[in-house]
Each structure stands twice: as C-alpha cells, then as structure tokens.
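Residue-level listing of the chains:
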Amino acid sequence: MMLLIEAALLSLAFQVTARATPRLHARDDNAAKSSARGTSSPTFVPYVQPTQKIEEFIALGDSYTAGTGSNGQFEAFAGDAARGRRAYPMQMATNAERWASLNGGDRTLPRLSFHAYTGDLSTDVSAKQLKPGDFADDKVVRRNQPFGKPQVAVMTLGGNDMGLSNVLSACIYRAWSVFDQTCDDAIAEAQATIDSAALFNHLTSAMADVAYAGRDAGGASPRESFQTYVLSYVSFFNDQDPKCDTISWNLTWGPRALLTTTLRRRLNVLVENANALIEKVVQNTEMLGVISVDGLDELYNGHRFCEPGHTETRMIDHKTWFWSRYSNYKSSSEGKGDPTDANASDDQQIESAEQAILDFVFPGQNRTVSETSIESPPWTWPGAE
C-alpha cells in the first residue's frame, strides 16, 4: 500500500493538527448520549484544539497499520507483529516536508511509537497496546512497549473483529482450513458481525481507551487536545472490468474460486459496510478527539486489483498498489515497472506459493505440488490435521 502515507498526511494536513478543529458530523442524539465511557460525567472536558507542535506520535491497531506485506520479508520486523519498514507510520516518521506543513515550518521529525500488531482485535488494542510509560525507540519489540507521551495516534481497527480475513480465505484463497465454510457463509457472518451492537460497543470502547490513554500520557497540552486519527480500509478490487472473471487465486487444489465481477463487488460492499460502521464509531467518540481520515479509498481508484489493462493472473505490476499472493516476498520490489527494482519480480524469482504451503504444513517430508489433485488434496494427507 505504497501511497497510504500520502493519503494519511494530506488528510491530516487538511483536517487537523496545525491548530485546526476536527470535521464535525451530524450525530444522532441517542448515539451521543451513549458515547464513550466518561463523556456524560459532569467533570468531562471534551476535545479542544491543539496549540503545540507534534513531537511524538503512536501507531496502533492491526495489520493495515502494521504494514503486513509491504515489500517483502526482508523488510518485515518485530516477529509475528509483522510490521513493515514501508508501513505508512514508518513513512510518516521520515517525511519532514509533510511534518513541516503541520508544525509551522519546523522540519524536525517526531518520534514514533509503533505498536500496531497483525491480527489484533479491538480488545487487543485496549489490553496490549496501551501500556503506560515513557517513550522508548523499540519498534522491533512485539509487545508491551511503553505508550510514551504522544500528541497524536494513528490507527486502523475492526477488520479482524469482523472476520475479513476469513472472507478472503473462503471466497478467494480457499485455504483448506476454511473448507468447512462457504464464501456465502463467510460473507454473511462478517456482515452480521458488522451489524451487531456488540462490535459497535467494542470499537467504541477501543477508540475511547486510546483517547484516554493519550490524555493520561501527558504529551498533549492541554491534555484534551490529544487526537486519534482512524483510517478506513481500502477496497481491493475494480469490480467493473470482466477480464478478471476467469482468474483464480486458489491456494489449494480443490474447486476454483473465480474473481468474477459479482464476487468482487460483494467483497467491496463488505469493506464499504465495515467503513460505514467505523465512521459511526468515530462520530460517537469525536468528543474525545477521535477523527476520521478521509479520502484513502478514492486515492486507490485505478490502482486496485483487476483494473483495465492490469488483469493478468499475478497482478504484481507497479501500478497495482496491493501485494498479491504472487508478489515476491524475497524481494523489496513493487513489481514490474518499479523504478527502484524493476526486475526483482521476474516469474523465475517468484517461489511457488503452493510449494511454500506444502513445505510449511509438511516440514521435512519433501511433498511436492505434483502429488496434489482434486481426488487427493493436501488437507486429506496424513499430518495435515
């Protein structure tokens, strides 16, 4: 997701921080009354405009913020937190020009606490990413880093709570661990979760916990000026061009799941619904300085999977801003056309994903792709339990 940094910083610059107020929403009175914990207290002080430069920020949430898959395994760090060296918080931390636009011309780079963790639920953000303590430059540490004294938090959350990865597995990759769930069932389950009051409450609590952790940390002055920027998820597909309709990204050797326009649209709608829920939660916590970052999805127009002219099976060219299952995880290349590493994604350098899975599931057994068939899929082999 190589240009997410530009979207985030442009949105920050236009919406906020440099003495600005957050974008306000029309809000339902009942939602306001049921807002995040503590806002009904007579001693509660709502969000106020910041009056200081940003000297420190913190990145929280799930894999979208951690940067999983951003440019190969050699750029990943922090173990199973799976943070990427080109994740958008890492890019933000080195963009002096953008920070100068927010900090009155001061090009000093702020400190970054990087706590986002691949696979984390909203409850994990509250329980595992907000430990009090002074700043320490420990981005490679997986857990229990100190929160520091930031003025700003950036985050994504909710996708794991909604089961979006299960949908991708059931509808596109068909990993054998989900063969007991159909694509229709996975989408219906995710939508039911999105529609549930339980998820709304979990996300509200997590955003409120981040906001209060920021206020309590003491980096924002006044404390009520702490800001939490919540990014939306980006839809993966162009759902109009039919040239992808015969492409399959199965990771296993059963019935092929095809990237039809119908399926792509269903998946995009699910992401849109997820973002709509997140926006409602942001509205419900805006009194705590929680603010939406707008415009990310629009920036990806023309750069998704299955765009016209970019519908070959691998879809790893430089103009496609996502990493596909065929992307060369042993290279930092962004695919064909990458001006910094144009040839690193040559087909001969891309390790078979199917063989990689077999090697992982059957270590040391030398099982090969040639042994697989519809009659004898790998999930039926001894040792695949």
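Since the model is a prediction, treat every value here as computed from it, not as a measurement. (Residues numbered from 1 in each chain as written. Predicted model: local features only at pLDDT ≥ 70, side-chain atom pairs only at ≥ 80, totals over all residues. Heavy atoms only, no water.)

**Comments concerning the packing of aromatic side chains**
Here is step 1: One pass over the full model with this rule turns up 11 aromatic pairs.
Here is step 2: With centroids separated by 4.9 Å and ring planes inclined at 85°, the aromatic side chains of Trp-249 and Phe-305 adopt a geometry described as edge-to-face. Of the two residues, Trp-249 sits in the loop between β6 (227–231) and α11 (261–285) while Phe-305 sits in the loop between α12 (296–299) and α13 (353–361), which places them 56 residues apart along the sequence. Across the pair, exposure class does not vary: Trp-249 and Phe-305 are buried alike.
Here is step 3: Both rings, one in Phe-305 and one in Phe-322, keep their centres 5.5 Å apart while their planes meet at 35°; by these two values the pair is tilted. One end of the pair, Phe-305, is in the loop between α12 and α13; the other, Phe-322, is in the loop between α12 and α13, with 17 residues separating them in the sequence. The residues Phe-305 and Phe-322 share a single accessibility class, namely buried.
Here is step 4: Put simply, the rings of Phe-236, Phe-237, Trp-249, Tyr-300, Phe-305, Trp-321 and Phe-322 touch in pairs and so form one group of aromatic residues.
Here is step 5: Lying across the ring of Phe-114, Arg-83 places its NZ or CZ 5.6 Å from the centre.
Here is step 6: When the ring centre of Tyr-117 is taken as reference, the NZ or CZ atom of Arg-143 above it lies at 3.6 Å. (Phe/Tyr/Trp six-rings, centres within 6.5 Å; stacked < 30°, edge-to-face > 60°. Helix = DSSP H or I, 4+ residues; strand = E, 2+ residues; numbered from the N terminus. Buried < 20%, exposed > 50% of the residue type's maximum accessible area, 1.4 Å probe, protein only. Lys NZ or Arg CZ within 6 Å of the ring centre and 35° of its normal.)

**With respect to the packing of helix α8 (residues 164–173) against helix α9 (residues 183–195)**
Here is step 1: Their axes nearest at 8 Å, the elements α8 and α9 cross at an angle of 165°. By the angle class used here, α8 and α9 are roughly antiparallel. As α8 packs across α9, the resulting crossing turns out to be left-handed. Residues Asn-166, Val-167, Ala-170 and Cys-171 of α8 pack against Cys-183, Ala-186, Ile-187 and Ala-190 of α9.
Here is step 2: Across the contact of α8 with α9, the residue classes tally to 7 nonpolar, 1 polar and no charged. (Axes fitted to C-alpha atoms, helices over the stretch in contact; angles between N-to-C directions. Parallel < 35°, antiparallel > 145°, perpendicular 65-115°, else oblique. Left-handed = near helix turned anticlockwise from the far one by under 90°. Contact = heavy atoms within 4.5 Å. Nonpolar A, V, L, I, M, F, W, Y, C, P; charged D, E, K, R; others polar.)

**Comments concerning the sheet that holds strand β4 (residues 111–114)**
Here is step 1: With parallel pairing, the 5 strands of this open sheet are ordered in space as β4-β1-β5-β6-β7. For this open sheet the edge positions go to β4 and β7 (290–293), each flanked by a neighbour on one side alone. Averaged over all adjacent pairs, the angle separating strand axes in this sheet is 25°, with direction ignored.
Here is step 2: For strand β1 (residues 56–61) and strand β5 (residues 152–156), the ladder comprises 5 bridges, and the chain directions are parallel. Paired with Leu-60 across the strands is Met-155, a residue of β5.
Here is step 3: Across the sheet, helix α10 (residues 197–217) touches β1, β5, β6 and β7, and the angle it forms with β6 is around 145°. (Pairing = 2+ DSSP bridges.)

**Description of unusual backbone geometry**
Here is step 1: Each neighbour pair has its own omega, and for Ser-221 with Pro-222 the value is 0°, a cis peptide bond.
Here is step 2: Non-glycine residue Ala-78 carries a positive phi angle of around 70°.
Here is step 3: Tracing the chain through its elements places Ala-78 in the loop between β2 (76–77) and β3 (83–84).
Here is step 4: Phi is positive for Cys-306, close to 70°, though the residue is something other than glycine.
Here is step 5: With respect to the element layout, Cys-306 can be found in the loop between α12 and α13.

**Describing the pattern of salt bridges**
Here is step 1: For the structure shown, the criterion picks out 14 salt bridges.
Here is step 2: A salt bridge links Lys-53 to Asp-106; the nearest nitrogen and oxygen atoms lie 3.2 Å apart. Pair noted here: Lys-53 is in the loop between α2 (29–33) and β1 and Asp-106 is in the loop between α5 (96–102) and β4, with a separation of 53 residues, a long-range link.
Here is step 3: In this structure Lys-53 comes out as partly exposed when scored by relative accessible area, which is 37%.
Here is step 4: A salt bridge links Lys-128 to Asp-124; the nearest nitrogen and oxygen atoms lie 3.6 Å apart. Here the residue Lys-128 and the residue Asp-124 both occupy positions in helix α6 (residues 122–128), the gap between them amounting to 4 residues, near one helical turn.
Here is step 5: Taken together, the shared-partner salt bridges in this structure form one network comprising Asp-216, Arg-223 and Glu-224. (Salt bridge = Lys/Arg side-chain N within 4 Å of Asp/Glu carboxyl O.)

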